[in-house]
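Fold and contact review
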Amino acid sequence: MNRIVMAAVAASFAVGAGFTAQAEEKPKLSFVVNAASDFWKLAEAGIKKANAEMPDYDMELRYPATGTAAAQNALMDDLVAAGTDAIMISSVDPKTSTDSFNRIAAQIPLFTTDSDAPQSNRIAYLGSSNTEAGEQAGKEMVAALPGGGKCMGFVGYLGADNARERIEGFRKAVEGSKVTLVDVRGDDVDFARARSNVDDVLAANPDITCMVGFYSYNSPKIYEALQAAGKLGAITVVAFDEDPVTLGAVKEGSFVSTIVQQPFEWGYQGMKLMAAYLKGDKSGIPDDKLIIIPTKVVNKSNVDAFQADLKAKIASASAS
């Protein structure tokens, strides 16, 4: 009789434990970036803030093994296999990834950020208007060089939509002025190559009087190269994003300005958007499927306030 009772109790406990484990399982939301870069720390801070406000979800930022479309696609496959419920991704190469994106989108909700994949079945894009950001950079350069100048641009992935759109926006803004964008050098997110690209231009193109760093790490590499060559201040630079080296260069006057995005908001709003979508709330998806987070111009007059705001956001997320 005692054995029967004990067996019944054990069975009851096992069933109860199973229900508890099932009840504790949280929906998982993943934010997949294009490559390892300090730029994404702000997105991660935004994700942490969102997770603190929505503890019933498991939210994470994931880096691919390498900065390639193949590595991104393999990571998404792994995430789906592991039970991830929704993904937001910054696409390295949208044109070659459409089939892979559609395969993922057929299984779970897929969103894009930073670099869109509009030909895929992604639900929506949340991020900057890279064309508008490029135009802002171009206008900054024209204002800084009323007498004109020959510029060289530097970027990671020449084929990525975010790069292409920024470059197109810059060219549009300088059209009709005396400023020209002579060429853009790509580096495939190889930091050593990013630096050597600038060194090579300085050595081979003495007529270049201005430079644009289109990705977050390009501008610090421009700074390093100009500093080593003794040309800080002699070459006019407009940057992108808020790397500490870039902000320091703006503050000291070595760079004219930097066009900053809001990756913190991408992480924060992106997680909330995906969580709402999983619940069946599609009210946050506009008809054009584009959710634009505005970019800002940071120059010497507002760089201190901008840095203070960044520190506050990161501190707030860390305390969450």
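So, a few notes on the structure that sits alongside this text.

What counts, and where the lines are drawn
- Residues numbered from 1 in each chain as written.
- Predicted model: local features only at pLDDT ≥ 70, side-chain atom pairs only at ≥ 80, totals over all residues.
- Heavy atoms only, no water.
- Pairing = 2+ DSSP bridges.
- Helix = DSSP H or I, 4+ residues; strand = E, 2+ residues; numbered from the N terminus.
- Axes fitted to C-alpha atoms, helices over the stretch in contact; angles between N-to-C directions.
- Contact = heavy atoms within 4.5 Å.
- Expected span 1.5 Å × (residues − 1).
- Buried < 20%, exposed > 50% of the residue type's maximum accessible area, 1.4 Å probe, protein only.
- Core = buried A, V, L, I, M, F, W, Y, C linked by side-chain atoms within 4.5 Å.
- Right-handed = clockwise from strand over helix to strand, strands pointing away.

1. Details of the sheet that holds strand E4 (residues 110-113)
- One open sheet accounts for six strands, arranged E2-E1-E3-E4-E5-E11; its pairing is parallel. Of all strands in the sheet, those bounded by a partner on one side alone are strand E2 (58-62) and strand E11 (290-292). In this sheet, adjacent strand axes meet at a mean angle of 20° when their direction is disregarded.
- Inspection of the sheet shows strand E1 (residues 28-32) paired to strand E3 (residues 86-89) by four bridges, in the parallel sense. Pairing of Leu29 across the sheet is with Ala86, part of E3.
- Contacting E1, E2, E3, E4, strand E5 (125-127) and E11, helix H10 (residues 263-278) crosses the sheet at an angle of about 140° to E1.

2. Digging into H10
- Given a rise of 1.5 Å per residue, 16 residues ought to cover 22 Å, and the 22 Å separating the end C-alpha atoms of H10 matches this to within 8%.
- Most of H10 is tucked away, with 12 of its 16 residues classed as buried.
- Regarding H10, the residues found buried are Pro263, Phe264, Glu265, Trp266, Gly267, Tyr268, Gly270, Met271, Leu273, Met274, Ala275 and Tyr277.
- Gly280 lies just past H10 and shows a positive phi near 95°.

3. Considering the sheet that holds strand E6 (residues 149-155)
- Read across the sheet, six strands follow the order E7-E6-E8-E9-E10-E12 without closing on themselves; strand pairing throughout is mixed. Across the chains shown, the open sheet's two edge strands, defined by having one partner strand only, are strand E7 (179-186) and strand E12 (296-298). Each strand axis lies, on average, 20° off the axis of its neighbour in the sheet, ignoring direction.
- As judged from the three bridges shared by strand E10 (residues 257-260) and E12, these two strands associate in the antiparallel manner. Across the sheet, residue Val260 finds its bridge partner in E12, namely Lys296.
- On the sheet, helix H6 (residues 161-174) packs against E6, E7, strand E8 (210-213) and strand E9 (236-240) and is oriented at approximately 165° with respect to E7.

4. Overview of the nonpolar core
- If you look at the biggest cluster of nonpolar residues, it comprises 54 residues, and the most contacted ones within it are Leu29, Phe31, Trp40, Met59, Phe111, Met211 and Met271.
- Among the elements that make up this core, the one with the highest residue count is H10 (eight residues).
- In this view, Met211 contacts Met141, Met152, Phe154, Val198, Val201, Leu202, Ile222, Leu226, Ile235, Thr236, Val237 and Val238; residues no more than four positions away in its chain are not counted.
- Of all hydrophobic cores here, the second largest spans 27 residues; its members include Leu145, Ala163, Phe170 and Ile259.

5. As for the pairing of E1
- Burial analysis of E1 places five of its five residues in the buried class, which makes it a mostly covered element.
- Burial along E1 is two-sided: the residues Lys28, Ser30 and Val32 and Leu29 and Phe31 are all buried.
- Pairing geometry for E1 and E2, over five bridges, is parallel. Each bridged residue has a counterpart across the sheet, and for Val32 the counterpart in E2 is Arg62.
- Of the crossover connections in this fold, the one passing from E1 over helix H2 (residues 41-53) to the parallel E2 is right-handed.

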